[in-house]
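Reading the structure
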Amino acid sequence: MNNLRKFAITIGFALLIGFVPLLSSAASQPFVTNSGTTLRLSMSGAFQPFSTTDKTGSLVGFDADIARAVARHMGYEPLLVQTGWAGIQAGLQAGKFELICGSMAITPQRLKQMHFSLPYYVSGAQIFVRRGLGNLRGRRIGVTENSTYARYIKKHPAKFPGVTILAYGSEAEIVAAMNTGKIDAFVSDRIVGGFYIKKGAAGDIVPSGQLLYREAMGIAARLDSPDLVRQVNQALLALVQDGTYEKIYRKWVGSKPDLEILFSAWGDYARHLPELEAVGRSVKSSKKPGFADNVSAMLPLLAKGALLTLILSVITAVAALITGALVGIGTVARHSFIRRAAGSFIWVVRGTPLLVQLFMSYFALATIINRMLGFEAIGAFGAALIALIVNTTAYNAETLRGGINAVDRGQWDAAASIGMTRGKIMRRVILPLAFRDSLPSLGNNLVVLIKDTSLVGAITLIELTYVARNVVFQTGQAFLPFLCAAGFYLVIISLVTLGVKAWEKRLRRSIQAAGGNL
């Protein structure tokens, strides 16, 4: 085992030494749009009323409308990309999209990593509590993951003595936690929290005190795209001047924007950005799209997500069965190098989380290959397949290794006594027996794979779980969408389980008909 680890560590360092220069080179490529007429803008789709999805699955909200208007004013056709907040900055740096228009606050730390446009709206952090709640001492406070709110609370212990901070994936989940008594208060954007209160989804919750601090939200670009930022600023100025900005703001926020505050923020951030001047005027609001707020509206969306989940699972299962068999055979090969390489592969893959493998495949491997080829050969779907196949291959290989080692030594000797070569013995005798005995465990690996596809939403694929989360963000219902998604998973996994059991019975019958244990 020590030799195996030394070998794997040596291989890991060798790969790292060769990999880092390639990744650095890929990340430093200049800005190029995905096509001559398309501009990709990303947002989380989980931040009502700024970005969410409607009943057709399309991104809508204040951020979405601003993104479309800015892109079209710049002469591009907008392509909105939904990306989980945890991976959105990495996606920008990897070139998966050109801009982030997702209510990202302009902070000194982020200005070191990205360029920002002039602010396109100004809001602030607000505490929301149950009506009648006293002070916050010792209370449980909810915040969104990767937000500035938790950092503020930790930096100001005097304002939040003895509180416990609980992080959630979205405001909708926070509201659900408030309604179910899991937290006592939460900190959120003033507009977002007010939206949920006005919608009636937040129960008897009220804002508490003044804004903790004010935040200006900008459209983010990579540091190698200063010209793109200047174009965005010109577009924002034009939207304010012709009234489009106020129209979009009224449509989603429900009130007239305070342009004086916006212009003040422009002045504050002008030292970081191309110099612009701004004026604005008003126009009336528009009707909002409908959302999936009942089972009949949810099911078509969930069915689309389930289809992607099924496609990923089937392709991965077939490919990983073949590659798993090859690696499994490699673990019992005569040549020590092959055995060590196969063992190291299994050790590394099983020892790292699938989510990390997905990020490496999407943000690193796919980016390097696409940059080297000069076009997008591997998208999110291809990157997800690579990670899922690699991960499932390792587990299948380990399962088959156990099955091969469990085959009685007499089978090897009997086959060798009639003149069969080692390769033929493995192919015609050992592997079929090992496969038969390992089939229940391989079926379990397939069930785990189906559930693991829920992680691919982190790299922009809208699979079943991600769709369920989107519906939660739309409706504020934290139970029904996931219950429906669980039903889809249960049906898929039940069919797979029945199929594996039927295959197992058929395989046993065929082996018995051919002579059982030889």
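Quick note: structure is the one above.
Residues numbered from 1 in each chain as written. Predicted model: local features only at pLDDT ≥ 70, side-chain atom pairs only at ≥ 80, totals over all residues. Heavy atoms only, no water.

With that out of the way, let us pick up the packing of aromatic side chains. Summed over the entire model, instances satisfying the criterion amount to 16 aromatic pairs. For the pair Phe128 and Phe186, a centre-to-centre distance of 5.1 Å together with 15 degrees between the ring planes defines the contact as stacked. Of this pair, Phe128 sits in strand S7 (residues 121–130) while Phe186 sits in strand S10 (residues 185–189), and the two are 58 residues apart along the sequence. As far as the burial class goes, Phe128 and Phe186 line up, both buried. Counting every residue linked through ring pairs, the aromatic cluster contains Phe47, Phe50, Phe62, Tyr120, Tyr121, Tyr245 and Tyr249. Directly above the ring of Tyr362 sits Lys96, whose terminal nitrogen or CZ lies 4.5 Å from the centroid. (Phe/Tyr/Trp six-rings, centres within 6.5 Å; stacked < 30°, edge-to-face > 60°. Helix = DSSP H or I, 4+ residues; strand = E, 2+ residues; numbered from the N terminus. Buried < 20%, exposed > 50% of the residue type's maximum accessible area, 1.4 Å probe, protein only. Lys NZ or Arg CZ within 6 Å of the ring centre and 35° of its normal.)

Attention now goes to helix H15 (residues 409–417). Those residues of H15 lying buried are Gln411, Trp412 and Ala415. Relative to the axis of H15, the buried residues are bounded by an arc of 100 degrees and lie together on one face. In H15, those exposed residues whose orientation departs by more than 90 degrees from the buried face are Arg409 and Ser417. Buried residues in H15 make contact with helix H16 (422–452). The N-capping residue of H15, defined by a side-chain oxygen 2.7 Å from the backbone nitrogen of Gly410, is Asp408. (Arc of directions from axis to C-beta. Contact = heavy atoms within 4.5 Å. Polar contact = N/O pair within 3.5 Å; in protein donor to acceptor, adjacent residues only side chain to side chain.)

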